[in-house]
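# Understanding the architecture of this molecule
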Amino acid sequence: MTIAFIAFCVLVVAVPLGTWQFISTSSVTQEVAVTLISGTVFVTRPGLPLQGVADAINDVEESTRVDSDANSQASITFSSSDKKTTLGSIQVYGSTRVKLIEMRSPQFELWNPSPHRMIVDVPRGRARINLAGGVTRSITLIVRAGNSTIQMDRPGSYSIEVTDQSVDVAVRDGSALATSGGYSVSLGSGQRTVMRAGTPPQNAASGERNLLINGDFPAPLSTDWTIYKDRFDPNDSDGKIERTTKDGRNVVSFYRAGFNWGRLGVQQKVNRDVRDYRALRLHFALRVVKQNVLSCGQYGSECPMMAKIEYTDPAGNRREWVQGFFYLPDTSNTYPMRCVTCVSSATSHIRVQQDVWYFYDSPDLITLFKGMGFTPAAINTISIYAEGHSFESLISEVELLAGD
């Protein structure tokens, strides 16, 4: 009887404790997808042969490896197990390897305070990480790069580049803890550090300066961006520009269902002297959902997404530069691949996949403009806009990064 009573008491205590332990610590695997953006990307799943990514691979499991060839791009997207909430994404650039170690979320969210958690290995290459905002539960993403680790716990945008000699970490927006050689350094928005094998991280330093305000659109557009619209037929649709969220990102959407030409855009005045900067790069994420004009139209001027920078040369002359994006090709190859009617210098349009995020990183604009015969002295404005008849496009994380 005594033994039975002791056993009963043990069960009375152990069963509730065990149940509580299970409820408060159990987790489920997140939904993860690998989407090809350009070039050639391979996925290696546990126990399966190497597989090329033709479009997208869904339901990617832990221990999967993603390898990109030179000049290729892919996106790894993390979502909650019910696929209702986007948690973040990793933009994989060329010659990069990413291994997915852990992608877990609490199974019983009401009783489990743990964050959504992702751990990845990046032994080589370059990646851009976005942690989603507006998610009720916190998100933690840890990158392991050799003997270094980078932990990100706040919504924002982060850049990591790994070589045989060093790991370069930049926080565009958010915060990160970089650890190497037994020491850690905290990074805030606009800061970066370099970690070399077995040595402590360098002190946090100012990274590239973002010359734009509200480029990740956390606030209403009217704060820092001017909205503009134009159309050929005053009786035609004038379209809609809206700040909203998509895939955990703050975005600006351009939507128009028209019969004749129209333009929707946002513009920010920069008015910054750039003669003391050694480099200048434009970065943003874009997504073209639909368009009905082939390519960018017969004059190359009607892309469903375009970026324009207006600048002044040392002589005071005003110059422009335009970059366009589209997905619907002109199979006859009669339409030009750059804007021929623009008064600006234009580079060749870039074809992207329909309804897939594309991450654009310009070449160094100072070098590019000089190569066109125009040295930039000051950046006046930047415009992001869509042209055509009917289109739907999204823009996010717009940055004009100046390097000292």
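To keep things clear, this report deals only with the structure shown in the data block.

Parameters at a glance
Residues numbered from 1 in each chain as written. Predicted model: local features only at pLDDT ≥ 70, side-chain atom pairs only at ≥ 80, totals over all residues. Heavy atoms only, no water. Buried < 20%, exposed > 50% of the residue type's maximum accessible area, 1.4 Å probe, protein only. Helix = DSSP H or I, 4+ residues; strand = E, 2+ residues; numbered from the N terminus. Pairing = 2+ DSSP bridges. Core = buried A, V, L, I, M, F, W, Y, C linked by side-chain atoms within 4.5 Å. Contact = heavy atoms within 4.5 Å. Salt bridge = Lys/Arg side-chain N within 4 Å of Asp/Glu carboxyl O. Disulfide = S-S within 2.5 Å. Phe/Tyr/Trp six-rings, centres within 6.5 Å; stacked < 30°, edge-to-face > 60°.

Strand residues, when the strand is regular, have side chains that alternate between the two faces of the sheet. Burial analysis of strand β14 (residues 166–173) places six of its eight residues in the buried class, which makes it a mostly covered element. Pairing geometry for strand β13 (residues 156–162) and β14, over six bridges, is antiparallel. In the sheet register, Y158 faces β14, and the bridge partner there is V171. As consecutive antiparallel partners, β13 and β14 are separated by three residues. For β14 and strand β17 (residues 191–196), the ladder comprises six bridges, and the chain directions are antiparallel. Paired with S166 across the bridge in β17 is R196.

Below, the discussion takes up the nonpolar core. Membership of the largest hydrophobic core comes to 48 residues, with the highest contact counts inside it found for F254, L282, F284 and I395. Mapped onto this core, the elements with two or more residues apiece are β22 (249–273), β23 (279–291), β24 (305–312), β25 (318–326), β28 (358–361), α2 (365–371) and β29 (378–403). Contacts of F284, omitting those with residues within four sequence positions, involve A307, F325, Y358, F359, Y360, I384, I395, S396, E397 and V398. Counting residues in each nonpolar core, the second largest holds 43 residues, with A74, L100, Y158 and A178 among its members.

Attention now goes to the pattern of salt bridges. Overall, the coordinates contain 21 salt bridges when judged by the stated rule. In this structure, the salt-bridge partner of E399 is R128, at a minimum N-O distance of 2.8 Å. Residue E399 is found in strand β29, and its partner R128 is found in strand β10 (residues 116–131); the two are separated by 271 residues along the sequence. For E399, a relative accessible area of 7% translates into the label buried. Exposure remark for R128: the relative accessible area of 5% places this residue in the buried category. In this structure, the salt-bridge partner of R192 is D168, at a minimum N-O distance of 2.8 Å. Remark: D168 occurs in strand β14 and R192 occurs in strand β17; sequence separation between them is 24 residues. Since its relative accessible area comes to 22%, D168 is described here as partly exposed. Among the charged side chains, a network of salt bridges with common partners joins R65, D67, R97 and R124.

Attention shifts here to the state of the cysteines. Counted according to the given criterion, the structure contains two disulfides. Between the sulfur atoms of C296 and its disulfide partner C303 the distance amounts to 2.0 Å. Taking the torsion about the sulfur-sulfur bond, which here is approximately 110°, the covalent link between C296 and C303 counts as right-handed. Comparing C296 with C303, the two get one shared label, buried. Paired by a disulfide, C339 and C342 hold their sulfur atoms 1.9 Å apart. On the sign convention where negative means left-handed, the S-S torsion of about 95° between C339 and C342 marks this disulfide as right-handed. Accessibility expressed as a relative area gives 6% for C339, which makes it buried.

Further remarks concern the packing of aromatic side chains. Overall, the coordinates contain seven aromatic pairs when judged by the stated rule. When the centroid spacing of 4.3 Å and the interplanar angle of 0° are considered together, the rings of Y311 and F369 count as stacked. Taken together, the residues span a long stretch of sequence, with Y311 in strand β24 and F369 in helix α2 at a distance of 58 residues. Judged by its relative accessible area of 0%, Y311 is buried. An angle of 50° between the planes, with centres 6.2 Å apart, marks the rings of F325 and Y358 as tilted. Of this pair, F325 sits in strand β25 while Y358 sits in strand β28, and the two are 33 residues apart along the sequence. Pair check on accessibility: F325 and Y358 agree, each one buried.

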